[in-house]
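Summary of structural features
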Amino acid sequence: MKPESQSQQRSGLAYGFAAYGMWGLVPLFWPLLEPAGAVEILAHRMVWSLVAVVLVLLALRRWSWIRPLLRQPARLGMIAIAAAVISVNWGLYIWGVNSGHVVETSLGYFINPLVSIGFGVLLLHERLRPVQWVAVGVGVAAVAVLSVGYGSLPWIALTLAFSFATYGLAKKRIGLGGLESLAAETAVQFLPALGFVIFLTAHGDSTFGSGGAGHSALLVSSGLITALPLICFGTAAVRLPLSTIGMLQYIAPIFQFALGVAVFHESMPPERWAGFSLVWLALALLTWDALRTARRARAQLRAASERAAAATAQNGGTAAEDPVLG
């Protein structure tokens with residue numbers, strides 16, 4: 001591997017760990033915003049995220065994508081859908097963390113890859129390899145075990161997983177980069193969120209300003225908390241293979257799960273450990289299958305390149321001999 005390529009890989013890993021590490025540690029941030037409720041926090045997150053992203057776009061001078069986008073109603077519609085779905089995801093996540101369900105929110109992001117695979121089969125008509133089918137089956141069994149452990153379906157985890165998988169599907173159709181996509185989505189969210197903040201202020205129910213300068217600063221910083229890991233992720237994504245990004249994505253829910261158990265002291269009876277173990281088994285199967293498939297693809301590509309090189313050398317040798325034979 002060339003030195004510059006190694007440097008790109010190292011910096012990509014650093015940015016990837018930073019992105020997923022920040023996402024994994026974010027459960028420590030949302031409780032700091034109390035006594036603001038989840039909906040008020042969500043509204044401020046939307047407002048200040050747009051401010052943060054616009055400042056970054058100004059610094060990078062990345063505006064050329066806006067005008068072509070405004071001429072494409074279908075993509076604008078998908079952006080509106082993505083904005084609505086991620087609003088549900090963000091709001092439920094904030095509520096779940098501040099309501100003592102950190103472990104269950106981590107479960108949502110553990111099972112998200114399985115839901116995304118299910119969407120691929122049902123909506124995009126993708127074909128699964130046998131190991132992927134086994135992983136999905138183990139994931140379904142895990143949800144059944146966890147339902148027994150929770151006494152009901154783990155609806156927070158399932159809603160987070162399905163909303164984020166839907167969001168990923170919408171973003172795939174939109175085809176914008178991470179920063180540009182966040183700017184477009186928060187632009188859709190901005191006016192309703194700002195209207196809600198103004199409504200709360202008018203009725204004396206807003207904690208912004210009334211909760212002190214420190215509390216207001218924390219609400220404003222929710223925009224940076226949203227934008228910064230996404231910027232790091234976008235930087236990592238162009239430097240690392242997809243297989244590496246796929247493995248790094250488990251850092252966030254692992255951190256969240258650890259925080260739920262070790263910091264927030266949430267209950268983990270044996271049946272929940274059993275359910276989580278099944279989820280981790282399913283993810284281990286998916287990771288092993290992805291690595292094996294990537295390794296085979298690289299081997300096939302290398303073999304094809306060697307055959308092409310050999311054929312070129314042979315043709316070149318024949319051409320060199322022709323004048324002698326003539």
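Residues numbered from 1 in each chain as written. Predicted model: local features only at pLDDT ≥ 70, side-chain atom pairs only at ≥ 80, totals over all residues. Heavy atoms only, no water.

Describing the environment of Gly275
As a reminder of what qualifies: Secondary structure elements follow DSSP: runs of H or I of four or more residues count as helices, runs of E of two or more count as strands, with numbering from the N terminus. Any two residues whose heavy atoms approach within 4.5 Å are treated as being in contact.
Checked against the element boundaries, Gly275 lands in helix α12 (residues 270-325). Apart from residues lying up to four places away in sequence, Gly275 is in contact with Ala142, Val145 and Leu146.

A short note on the packing of aromatic side chains
Rules: By convention, a stacked pair of Phe, Tyr or Trp rings (six-membered ring in the case of Trp) has centres within 6.5 Å and planes under 30 degrees apart, an edge-to-face pair has planes over 60 apart, and any other such pair is tilted. Each residue gets one of three labels from its accessible area relative to the maximum for its type: buried under 20%, exposed over 50%, partly exposed in between, using a 1.4 Å probe on protein chains only.
On inspection of all chains with the given rule, the structure shows 17 aromatic pairs. Plain terms: the ring middles of Phe164 and Tyr167 are 5.8 Å apart, the flat faces sit at 45° to each other, and that makes the pair tilted. On the criterion of helical spacing, the pair formed by Phe164 and Tyr167 is a turn pair, its members being 3 residues apart in helix α7 (residues 155-174). Note on Phe164: relative accessible area 30%, which makes it partly exposed. Taking relative accessible area as the criterion, Tyr167 reaches 10% and is therefore assigned buried. With a centroid separation of 5.3 Å and 90° between ring planes, the pair formed by Phe257 and Trp280 is classed as edge-to-face. Placement of the pair is Phe257 in helix α11 (residues 251-263) and Trp280 in helix α12, with a sequence separation of 23 residues. Accessibility expressed as a relative area gives 30% for Trp280, which makes it partly exposed.

Quick word on the UniProt feature "transmembrane region" (unreviewed entry) in the protein
Put simply, the test is: UniProt positions are given in the numbering used here, feature names are shortened, and annotations may be inferred rather than shown by experiment.
Under the UniProt annotation, "transmembrane region" (unreviewed entry) lies at residues 12-33, 45-64, 76-95, 107-124, 131-147, 216-238, 250-267 and 273-291. The distance separating the terminal C-alpha atoms of residues 216-238 is 35 Å; by composition the span is 96% helix and 0% strand. Across residues 250-267 one finds 72% helix and 0% strand; the C-alpha atoms that close the span lie 22 Å apart.

Digging into α11
The line we're drawing: Here a helix's expected span is defined as the number of its residues, less one, multiplied by 1.5 Å.
When the terminal C-alpha atoms of α11 are compared, their 17 Å separation across 13 residues agrees well with the 18 Å that a helix rising 1.5 Å per residue should span. The complete set of buried residues in α11 reads Ile251, Ala252, Pro253, Gln256, Phe257, Leu259 and Gly260. Positioned one or two residues after α11, His265 has a phi angle of 55°, which is positive.

Focus: a nonpolar patch on the surface
Put simply, the rule reads: Within this analysis, patches are made of residues with over 30% relative accessible area and no salt bridge. Like charges are joined at 9 Å or less; nonpolar side chains (Val, Leu, Ile, Met, Phe, Trp, Tyr) at 5 Å or less. Reported accessibility uses the Shrake-Rupley method at a 1.4 Å probe radius. Residues are deemed covered only where the shown protein chains occlude them. Any Lys or Arg side-chain nitrogen located within 4 Å of an Asp or Glu carboxyl oxygen qualifies as a salt bridge.
On the surface, Leu25, Leu28, Ile254, Phe255 and Val263 cluster together into a nonpolar patch covering about 410 Å² of accessible area. Per element, the largest residue contribution to the nonpolar patch is 3 residues, and it comes from α11. With respect to the secondary-structure elements, Val263 resides in helix α11.

Points about the UniProt feature "domain: EamA" (unreviewed entry) in the protein
With numbering aligned to this structure, UniProt lists the feature "domain: EamA" (unreviewed entry) at residues 11-147. End C-alpha to end C-alpha, residues 11-147 measures 41 Å, and it is 79% helix and 0% strand.

What to know about the side chain of Ser147
How we decide: Two N or O atoms form a polar contact when they lie within 3.5 Å of each other; inside protein one atom must be a possible hydrogen donor and the other a possible acceptor, and for residues adjacent in sequence the pair counts only when both atoms belong to side chains.
Structurally, Ser147 is set in helix α6 (residues 130-150). With relative accessibility at 16%, the residue Ser147 sits in the buried group. Within the local environment of Ser147, its side chain forms a polar contact with the backbone oxygen of Val143, the two atoms lying 2.7 Å apart. In this view, Ser147 contacts Ser152, Leu153 and Pro154; residues no more than four positions away in its chain are not counted.

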